[in-house]
Amino acid sequence: MEKSTGMILEHTGEEYDRYYNAIVPPIFMNSLNIFPTVDAYYDSDKRDIHTYCYGRVQNPTVRILEEKITELEKGSESYVFSSGMAAATAAVLTACSAGGHVVCIRTAYGPLKDFLMNYCREHMQIETTLVDGDDPAEIREAMRDNTQLLVLESPSSVVFRIQDIEKAARIAHEKGSLVYIDNTFCTPIYQNPLEMGADFVMHTASKYLGGHSDIIGGTLTVRDPRLGEKVRTMREQLGSIIGPMEGWLMMRGLRTLEVRVKEHGKTALAVAQYLEAHPKVRKVYYTGLASHPQHELIEKQQSGHTGLLSFELDCTTEEAKTFCQALRIFKIGVSWGGFESLVTMPYARENEETCRKMGAGQNVIRIHCGLEGTENLISDLEQAFDQVF
Ligand SMILES: *Cc1c(COP(=O)(O)O)cnc(C)c1O
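One numbering rule holds for all chains: residues counted from 1, following each sequence as written. Local features in this predicted model are restricted to residues whose pLDDT is 70 or higher, and side-chain atom pairs enter the listing and the counts only when it is 80 or higher, whereas totals over whole chains, interfaces and linings include all residues. To get the side-chain values, take all heavy atoms of the structure and skip hydrogens and water.

Novice: I'm lost on the state of the cysteines in this one. Help?
Specialist: By definition, a disulfide links the sulfur atoms of two cysteines through a covalent bond. Two cysteine sulfurs form what is called a disulfide whenever their separation falls within 2.5 Å. One pass over the full model with this rule turns up 0 disulfides. Summary of cysteine pairing: cysteine 324 is not part of a disulfide, and the nearest cysteine sulfur, belonging to cysteine 315, is at 8.9 Å. Sulfur of cysteine 355: no disulfide; nearest cysteine sulfur belongs to cysteine 315 and is 13 Å away. Given the relative accessible area of 4%, cysteine 355 is considered buried. Buried residues are those whose accessible area, probed at 1.4 Å on protein chains only, stays under 20% of the maximum for their type, while exposed residues exceed 50% and partly exposed ones sit between those limits.

As structure tokens, this is what we get:
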């Protein structure tokens, strides 16, 4: 019988008899491990999962997490980092070299785009071509002979656009390029891009994997162990392993990942349907709605949807701000994936031209549906509509 997701979350990687049969592994809050002889120190193999030497390289608490993420994402190895951005930049630096080329979707996570368009361009002469990503032909067109990495984020986290991962990966591989995907929205519960041809799958653990808005962390999973070896070395040299305390909190968050995302998704669907039917709402962006223009592809590559969605009201940007401020349960804040409901206006300071390219109006509102209960969230939206319009 195939191991269930629950079995992975609760038991994979745990070796109870190594820590006095405690049901919860300890936080290995040590920076180094000691050896009986000088030769034993020199002979310690970094690849042996039971040999630990120095905390910047590996830590037993972190290792348990990595085993879980690898099984969840159906990869060969995973590495946990001090943030999602640490994982993302490690992937770029692993895949790319000076004079190379990257194809990246336009709605990818802003700071990663900035890293590519600024640091990588200035210091490594790496050029980046931005694409909408909805049409595989556009991706094919953007590929060059020196393309080293295709950066995907499906769905992307403001307008929830989808890329056909399988087709995009095939196109990239034909050109000898690797494929990176940010899988944070779906979590490993609802999408496994390595099975569709991706080479790197990234998650920020600051969102659903942690789930409690109390840590910053990130993960990178690969299909090819040779790539894993490079990622491991990169993390060791950049010194970007997650701390043991944050790693332990991430593990605690992971225990309930499956039950949490199901609840977030159920609430978000109800909220999306409520918004879609509201006369003041112009458009709702959510992968769970049958009205999503890429519904068929979504059904093919995602098995569910989590708690993040966006919508545009029939109003000005200033009125949309007033609406956000009228909400009581949804708090104004940038992150998502935790227990709490949040609201932001990601394009409020962008000009019209940028908004058009990014696929939504300046007044677009993004909400994260937390675990406060569907009825409460809908009545919060309702009272804000009543107050403002
Ligand atoms: C937050 C976020 C990141 C960055 O993660 P950090 O842990 O903050 O570095 C990357 N991708 C997406 C989609 C995010 O929402």
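Novice: What am I meant to see in the side chain of threonine 70 here?
Specialist: Secondary structure follows DSSP: runs of H or I at least 4 residues long count as helices, runs of E at least 2 residues long count as strands, and numbering of each begins at the N terminus. Looking at where threonine 70 falls in the secondary structure, it is placed in helix H3 (residues 60-73). Threonine 70 gets classed as buried once you look at its relative accessible area, which sits at 11%. In protein, a polar contact means a hydrogen-donor-capable atom and an acceptor-capable atom, both N or O and within 3.5 Å, with residues adjacent in sequence counting only if both atoms are side-chain atoms; elsewhere, any N or O pair within 3.5 Å suffices. Side-chain polar atoms of threonine 70 contact the backbone oxygen of glutamate 66, separated by 2.8 Å. The contact criterion used throughout is that any non-hydrogen atoms of two residues lie within 4.5 Å. Residues within four places of threonine 70 in sequence aside, it is in contact with Gly75, Ser76, Glu77, Ser78 and Thr221.

Novice: What's the story with the pairing of strand S2 (residues 101-105) in this structure? I'm lost.
Specialist: On a regular strand, each side chain points to the face opposite its neighbour's, so the side chains alternate between the two faces of the sheet. Of all 5 residues making up S2, 5 are buried, and the element is well covered by its neighbours. Side chains His101, Val103 and Ile105 project from S2 onto one buried face, and the interleaved Val102 and Cys104 project onto a second face that is buried too. The criterion for strand pairing is that DSSP finds at least two bridges linking the strands in question. Both S2 and strand S3 (residues 127-131) contribute to a ladder of 5 bridges, which runs parallel. The residue bridging cysteine 104 from the neighbouring strand is leucine 130, located in S3. Sheet topology places S2 next to strand S4 (residues 147-153); 4 bridges connect them, and they run parallel. Its bridge partner lying in S4, valine 102 is registered against leucine 149.

Novice: What is the right way to read the site of the ligand from this model?
Specialist: Whether a residue is near a molecule or strand depends on its heavy atoms: it is near if one of them lies within 4 Å of it. In the vicinity of the ligand lie 13 residues, with Gly84, Met85, Asp182, Ser206 and Lys207 positioned nearest. Between an oxygen atom of the ligand and a main-chain N or O atom of glycine 84, the distance comes to 2.8 Å. A distance of 2.6 Å separates an oxygen atom of the ligand from a polar side-chain atom of lysine 207. To measure how exposed things are, a 1.4 Å probe is used in the Shrake-Rupley method; for residues, cover is taken only from the protein chains shown. For the ligand, whose unbound accessible area comes to 380 Å², protein coverage reaches 90%. Looking at the shell around the ligand, the elements with two or more residues in it are helix H4 (84-95), strand S6 (200-204) and helix H9 (205-209).

Novice: When you look at the packing of H3 against helix H11 (residues 244-254) in this model, what are you seeing that I'm missing?
Specialist: When two helices pack together, their arrangement is given by the angle between the helix axes and by the axis-to-axis distance. To get an axis, a line is fitted to the C-alpha atoms, and for a helix only the part in contact is used. The angle between two axes follows their N-to-C directions and goes from 0 to 180 degrees. Two elements in contact, H3 and H11, have axes separated by 8 Å at closest approach and are oriented at 40 degrees. The two elements H3 and H11 cross, and the hand of that crossing is left-handed. Together, Thr61, Ile64, Leu65, Lys68 and Ile69 of H3 and Pro244, Gly247, Trp248, Met250, Met251 and Leu254 of H11 make up the contact between the two elements. Here the nonpolar group is Ala, Val, Leu, Ile, Met, Phe, Trp, Tyr, Cys and Pro; Asp, Glu, Lys and Arg are the charged ones; every other residue, Gly included, is treated as polar. In terms of residue class, the contact of H3 with H11 is built from 8 nonpolar, 2 polar and 1 charged. Less than a right angle of anticlockwise turn of the near helix away from the far helix marks a crossing as left-handed, whereas a clockwise turn marks it as right-handed.

Novice: Explain the sheet that holds strand S8 (residues 281-285) to me, please; I cannot follow it from the model alone.
Specialist: Two modes of strand pairing occur in sheets, parallel and antiparallel, and in both the strands are linked by backbone hydrogen bonds. Reading across from one edge, S8-S9-S12-S11-S10 is the order of the 5 strands in this open sheet, with mixed pairing throughout. Each edge of the open sheet carries a strand with a single partner, namely S8 and strand S10 (331-332). Contacts from helix H12 (residues 257-277) reach S8, strand S9 (308-313) and strand S12 (365-368) within the one sheet, and its direction differs from that of S9 by about 10 degrees. Strand contacts of helix H14 (residues 317-326): S9, S10, strand S11 (342-344) and S12, with the helix running at about 20 degrees to S12, the strand carrying the most contacts.

Novice: Explain the nonpolar core here, please?
Specialist: Within soluble globular proteins, side chains that are nonpolar tend to cluster in buried spots. With 65 residues, the main nonpolar core has Leu275, Leu309, Phe311, Ile365 and Ile367 as its most contacted residues. Per element, the largest residue contribution to this core is 7 residues, and it comes from H12. Excluding residues within four positions of it along the chain, leucine 275 makes contact with Val281, Val284, Leu309, Phe311, Ile367, Leu381 and Phe385. Formed by 48 residues, the second largest nonpolar core is a distinct cluster that contains Phe81, Leu112, Cys120 and Ile126. What makes a nonpolar core is a set of buried Ala, Val, Leu, Ile, Met, Phe, Trp, Tyr and Cys residues whose side-chain atoms join them at distances within 4.5 Å.

Novice: What should I look at first to understand the packing of aromatic side chains in this one?
Specialist: For this analysis, a ring pair means two rings from Phe, Tyr or Trp (six-membered ring only for Trp) whose centres lie within 6.5 Å, classed as stacked if their planes differ by under 30 degrees, edge-to-face if by over 60, and tilted for the remaining angles. According to the stated counting rule, one finds 10 aromatic pairs in the structure shown. With centroids separated by 5.6 Å and ring planes inclined at 80 degrees, the aromatic side chains of tyrosine 208 and tryptophan 336 adopt a geometry described as edge-to-face. Residue tyrosine 208 is found in helix H9, and its partner tryptophan 336 is found in the loop between S10 and S11; the two are separated by 128 residues along the sequence. Note on tyrosine 208: relative accessible area 1%, which makes it buried. In this structure tryptophan 336 comes out as buried when scored by relative accessible area, which is 6%. When the centroid spacing of 4.8 Å and the interplanar angle of 50 degrees are considered together, the rings of phenylalanine 323 and phenylalanine 385 count as tilted. Of this pair, phenylalanine 323 sits in helix H14 while phenylalanine 385 sits in helix H16 (residues 374-388), and the two are 62 residues apart along the sequence. The exposure classification of phenylalanine 323 matches that of phenylalanine 385, with both residues buried. Looking at arginine 235, its charged tip hangs above the ring of phenylalanine 81, at a distance of 5.9 Å from the centre. Two conditions define a charge sitting above a ring: the NZ of Lys or the CZ of Arg must be within 6 Å of the ring centre, and it must be within 35 degrees of the ring normal.

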